[in-house]
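# Working through the structure, step by step
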Amino acid sequence: MKRRMRLLLATATGVAVLVGGAGLSSASASVSRAAYAAADDIANVSVGNAYVPADKEIEVSFTFQVSNPLGTGNGPTTDTDKVTISSAGITPPGKSAKTVSTSYTPPAAVADGQPRPASAQGSGKFTISKDDPSGDWTLSIVTSRGTNNFTVKVAPKQGISGASVTPNPVDLIKGKEVKVTVRAAVKDASLVSAKMTSDTTSEYYDLGSLELDTDGYYTGVVYFTDDSAPGDWTLEISASRGNETLKGVGSFSVNAPVGGASKKSKSKITLTAPNKATAGNAFKIYGKAYRGTKAYSGKVVEVYFKKKGTKSYKFMGFAKATSTGKYTKAVKQKYDGYWRTKVPATGKTYSSWSAQEFVDVK
């Protein structure tokens, strides 16, 4: 019976210290000076990614500049000229103010006749909990000269809003492999991965990193062999947002092939690649090939690369497994993109693909 894909769980773990520009566009806070600002001591406020977390609590960092921290003109400096910070707070819409911690030390005094500094740097932190509202928050920094107010835009709670498996159910075909596509809607994520696990056996398919398509969905592909476990399966989507980890879990079903499974053996291949590489410099990818539950001794595996933003993989050469099934290959690339390795099929063994691994090339 066909079962609709449903999102059963969306949770988040970890506490984030989010410092500006992590590539999470809609979650990045924008700051403007409130119309009722009473002082101009504080300028260039820059806030990290400010958003309502799915769970727990996050800590948001910000920086600011103190204008004319020792007063204007030339030295010497007196204590009455110095700008000091007496307190700071941030107020969510409709709620009481939250405590803000700040770190600021005025510059050293200057000698007689020497110019006083035009600015000095400070920093601060505040927290956002899962029960806080989104919208315009008011950041207030009180100095010895007056109160400075700024508007910080806090993004709404984001997460994994949907996922699908196509086809669902997965109808296995004797002697053939069935292509299965995963799509997930995840907002404001830096990395998204997927894994599919049988509910009745230990069998699983690891899709690795999903790719962000032009339609805004993250997608990945896996191939089910005819001896894949029939019954209920679980799709798990994992996403990273700053230091927060989001997880979504859904279900789909697999139907046994008409006429039963073939006698071919199942293969499996793993892949490890670096997160980052330097353009034009060689780096290693490696893993292990299996036939059934044993090492696939001496097997020649295929290596593929897909440039980020393109639709198809390009064959990049071969790597030969050792007697223990381990393989290594040195590769070069000047583009960001995805790597996969493949165990080619034989008359007695199914092919298999590794999880997809993304490498950021600088």
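Basis of the calculations
- Residues numbered from 1 in each chain as written.
- Predicted model: local features only at pLDDT ≥ 70, side-chain atom pairs only at ≥ 80, totals over all residues.
- Heavy atoms only, no water.
- Helix = DSSP H or I, 4+ residues; strand = E, 2+ residues; numbered from the N terminus.
- Buried < 20%, exposed > 50% of the residue type's maximum accessible area, 1.4 Å probe, protein only.
- Areas by Shrake-Rupley, 256 points an atom, 1.4 Å probe, with all protein chains shown as cover.
- Core = buried A, V, L, I, M, F, W, Y, C linked by side-chain atoms within 4.5 Å.
- Contact = heavy atoms within 4.5 Å.
- Polar contact = N/O pair within 3.5 Å; in protein donor to acceptor, adjacent residues only side chain to side chain.
- Pairing = 2+ DSSP bridges.
- Phe/Tyr/Trp six-rings, centres within 6.5 Å; stacked < 30°, edge-to-face > 60°.
- Patch = residues over 30% accessible without salt bridge, like charges linked within 9 Å, V, L, I, M, F, W, Y side chains within 5 Å.
- Salt bridge = Lys/Arg side-chain N within 4 Å of Asp/Glu carboxyl O.

Along its length, the protein carries zero helices and 30 strands. Evaluated residue by residue, the protein yields a buried proportion of 43% over its 362 residues. On the protein, roughly 17500 Å² of surface is accessible, and the fraction owed to carbon and sulfur atoms is 50%.

Looking now at the nonpolar core. Counting residues in each nonpolar core, the largest one holds 28 residues, and the members touching the most others are Val182, Val186, Met196, Phe224, Leu235, Ile237 and Phe252. Only strand E12 (160–166), strand E14 (178–186), strand E15 (191–198), strand E16 (204–209), strand E18 (218–224), strand E19 (231–241) and strand E20 (244–255) provide two or more residues apiece to this core. Among the elements that take part in this core, E14 stands out by supplying five residues, more than any other. If we skip the residues at most four places from it in the chain, valine 182 touches Ser164, Val165, Ala194, Met196, Leu207, Leu210, Tyr218, Thr219, Gly220, Leu235 and Ile237.

What follows is about the side chain of serine 267. Position of serine 267 among the secondary structure elements: in strand E21 (residues 267–269). The class for serine 267 is buried, based on a relative accessible area of 7%. In this structure the side chain of serine 267 is engaged in a polar contact, spanning 2.6 Å, whose partner is the backbone oxygen of tyrosine 350. Engagement of the side chain of serine 267 in a polar contact is seen with the side chain of serine 352, the distance being 2.9 Å. The residues contacting serine 267, other than those within four sequence positions of it, are Tyr290, Arg291, Val343, Thr349, Tyr350, Ser351 and Ser352.

As a further point, take the environment of threonine 328. Residue position: threonine 328 is located in strand E27 (residues 326–331). Measuring from C-alpha to C-alpha, the distance between threonine 328 and lysine 288 comes to 8.8 Å, with 40 residues separating the pair along the chain.

A few words now on the sheet that holds E14. Read from one edge to the other, the open sheet built from four strands follows the order E12-E14-E18-E17, with strand pairing classed as antiparallel. Where the open sheet ends on each side, the last strands, each with one partner, are E12 and strand E17 (211–212). Of the strand pairs in this sheet, E14 and E18 are connected by seven bridges, and their pairing is antiparallel. Pairing of valine 182 across the sheet is with glycine 220, part of E18.

Once that is clear, we can look at the packing of aromatic side chains. Under the definition given, this model contains 15 aromatic pairs. With a centroid separation of 6.3 Å and 40 degrees between ring planes, the pair formed by phenylalanine 126 and tryptophan 137 is classed as tilted. Of the two residues, phenylalanine 126 sits in strand E9 (residues 119–129) while tryptophan 137 sits in strand E10 (residues 135–143), which places them eleven residues apart along the sequence. Across this residue pair, the class does not change: phenylalanine 126 and tryptophan 137 are buried. Ring geometry for phenylalanine 224 and tryptophan 233: centres 5.0 Å apart, planes at 55 degrees, overall tilted. Comparing phenylalanine 224 with tryptophan 233 shows no difference in burial state: the two are buried.

Here we take up unusual backbone geometry. The omega angle of the peptide bond from threonine 166 to proline 167 is 0 degrees, so this bond is cis rather than trans. With respect to the element layout, proline 167 can be found in the loop between E12 and strand E13 (170–171). Going from asparagine 168 to proline 169, the amide bond is cis rather than trans, its omega being 10 degrees. Backbone geometry at asparagine 44 places phi at a positive 50 degrees, although glycine is not the residue there. Among the secondary structure elements, asparagine 44 is positioned in strand E4 (residues 42–47).

A few words now on a nonpolar patch on the surface. On the surface, a cluster of nonpolar side chains totalling about 270 Å² of accessible area is made up of Val300, Phe315 and Phe318. For phenylalanine 315, the position within the fold is in strand E26 (residues 314–320).

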